[in-house]
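Close look at the chain arrangement
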Amino acid sequence: MKPGVTMARWALLLSIQSANAVEMDKQTVESAKRFLATYLELTNKANINLLTLYRDSANITATVTTLDRATSERQLSGHQWKQLLRETWYNGQPSVEPIELHDVTIKRLGENNLEITAHRYAMRRCYWDNQYRVVIEKSAGGMYQIVSETLLIDHQNQCQRPDTTTIKQEIKIVPN
């Protein structure tokens, strides 16, 4: 595993807000942490196995901001979302990009449902999604899957370029 992925994984696990975790039993908290670690690892490695984490019946709400700054909201089923992601993987341009999750909160919604909210940072295009929300549900087999996800996708690269490309060092040239 790459050092950056490992660091992001541990940062996520350590940043989960303990106040909300206290309301749940330890096994539920650990299961949620494992799910998030798997989600991050598969996302950050652009691994197509990420698709198995989504139910076909999931509700995906993606707010998309295009390069010309037009914004639209798209509602997709889990099946449609997986199809879209699968197409980009097979044409060599995976839609997923490495992310970090900050200020993660886990909240129980029901017997088998957990809501996870976070500040999601897209590392390739340097933008924040401060309204990130995912709901996971435990299946009969005991594994969590995504049943709802709300995310922002911004196509404009917002990474700051340096003010100058001048290297501020003294360079000494020694004659032969």
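Details of the structure are given in the entry above.
Each chain has its residues counted from 1, running along the sequence as written. The predicted origin of the model limits local features to residues at a pLDDT of at least 70 and limits the giving and counting of side-chain atom pairs to 80 or more, whereas totals for whole chains, interfaces and linings rest on all residues. Note: side-chain values were computed over all heavy atoms of the structure, leaving out hydrogens and water.

**Some points on the environment of glycine 142**
Considering the arrangement of structural elements, one finds glycine 142 in the loop between strand 5 (127-138) and strand 6 (144-154). In this structure the C-alpha to C-alpha distance between glycine 142 and serine 31, which are 111 residues apart in sequence, comes to 9.4 Å. Here a helix means four or more residues in a row that DSSP labels H or I, a strand means two or more in a row labelled E, and each is numbered from the N terminus.

**Thoughts on the pattern of salt bridges**
Here a salt bridge means any side-chain nitrogen of Lys or Arg lying within 4 Å of a carboxyl oxygen belonging to Asp or Glu. The full count for this structure, using the stated rule, is 9 salt bridges. Linking arginine 69 and aspartate 154 is a salt bridge whose minimum nitrogen-to-oxygen distance equals 2.8 Å. Here arginine 69, found in the loop between strand 1 (54-65) and strand 2 (71-77), pairs with aspartate 154, found in strand 6; they are 85 residues apart in sequence, far enough to count as distant. Working definition: with a 1.4 Å probe on protein chains only, accessible area under 20% of the residue-type maximum means buried, over 50% means exposed, and in between means partly exposed. Judged by its relative accessible area of 5%, aspartate 154 falls in the buried class. Two residues, glutamate 115 and arginine 133, come together in a salt bridge whose shortest N-O distance is 2.6 Å. Note that glutamate 115 is positioned in strand 4 (residues 113-122) and arginine 133 in strand 5, a separation of 18 residues in sequence. Exposure remark for glutamate 115: the relative accessible area of 14% places this residue in the buried category. Owing to a relative accessible area of 27%, arginine 133 belongs among the partly exposed residues under this scheme.

**Comments concerning the pairing of strand 5**
Here 9 bridges tie strand 4 to strand 5, and the two strands are oriented antiparallel to one another. Residue pairing for strand 5: arginine 120 is matched across the bridge by aspartate 129. Criterion used throughout: strands pair if DSSP finds at least two bridges between them. Between strand 4 and strand 5, which pair antiparallel in sequence order, lie 4 residues; one of them, cysteine 126, sits at a positive phi of approximately 55°. As judged from the 6 bridges shared by strand 5 and strand 6, these two strands associate in the antiparallel manner. Residue pairing across strands places arginine 133 opposite threonine 150, the latter belonging to strand 6. Counted between consecutive antiparallel strands, the loop separating strand 5 from strand 6 contains 5 residues, among which glycine 142 sits at a positive phi close to 90°.

**Here we look at the side chain of asparagine 113**
Note that asparagine 113 resides in strand 4. Overall, asparagine 113 belongs to the buried group, its relative accessible area being 18%. Here a polar contact is recorded for every N or O atom pair within 3.5 Å, except that within protein the pair must consist of a potential hydrogen donor and a potential acceptor, and residues adjacent in sequence are included only if both atoms are side-chain atoms. At 3.2 Å, the side chain of asparagine 113 forms a polar contact with the side chain of glutamate 137.

**What to know about unusual backbone geometry**
Backbone geometry places alanine 46, a non-glycine residue, at a positive phi of 50°. Its place among the elements puts alanine 46 in the loop between helix 3 (26-44) and strand 1. One non-glycine residue, cysteine 126, adopts positive backbone phi at about 55°.

**Some thoughts on the sheet that holds strand 4**
The pairing of strands in a sheet happens through backbone hydrogen bonds and is either parallel or antiparallel. In space, the 6 strands of this open sheet follow the order 2-1-6-5-4-3, with mixed pairing throughout. Each end of this open sheet is capped by a strand with a single partner; those strands are strand 2 and strand 3 (99-108). Ignoring which end each strand starts from, the neighbouring axes of this sheet average 15° apart. Bridging between strand 1 and strand 2 involves 7 bridges; their strand directions are antiparallel. The residue of strand 2 that forms the bridge with threonine 63 is glutamate 73. Across the sheet, helix 3 is in contact with strand 1, strand 3, strand 4, strand 5 and strand 6; its angle to strand 3 comes to roughly 155°. Pairs of residues are marked as contacts when any of their non-hydrogen atoms sit within 4.5 Å. Simply put, an axis is a line fit to the C-alpha atoms, just over the touching stretch for a helix, and the angle between two N-to-C directions goes from 0 to 180 degrees. Across the sheet, helix 4 (residues 78-90) touches strand 1, strand 2 and strand 6, and the angle it forms with strand 1 is around 65°.

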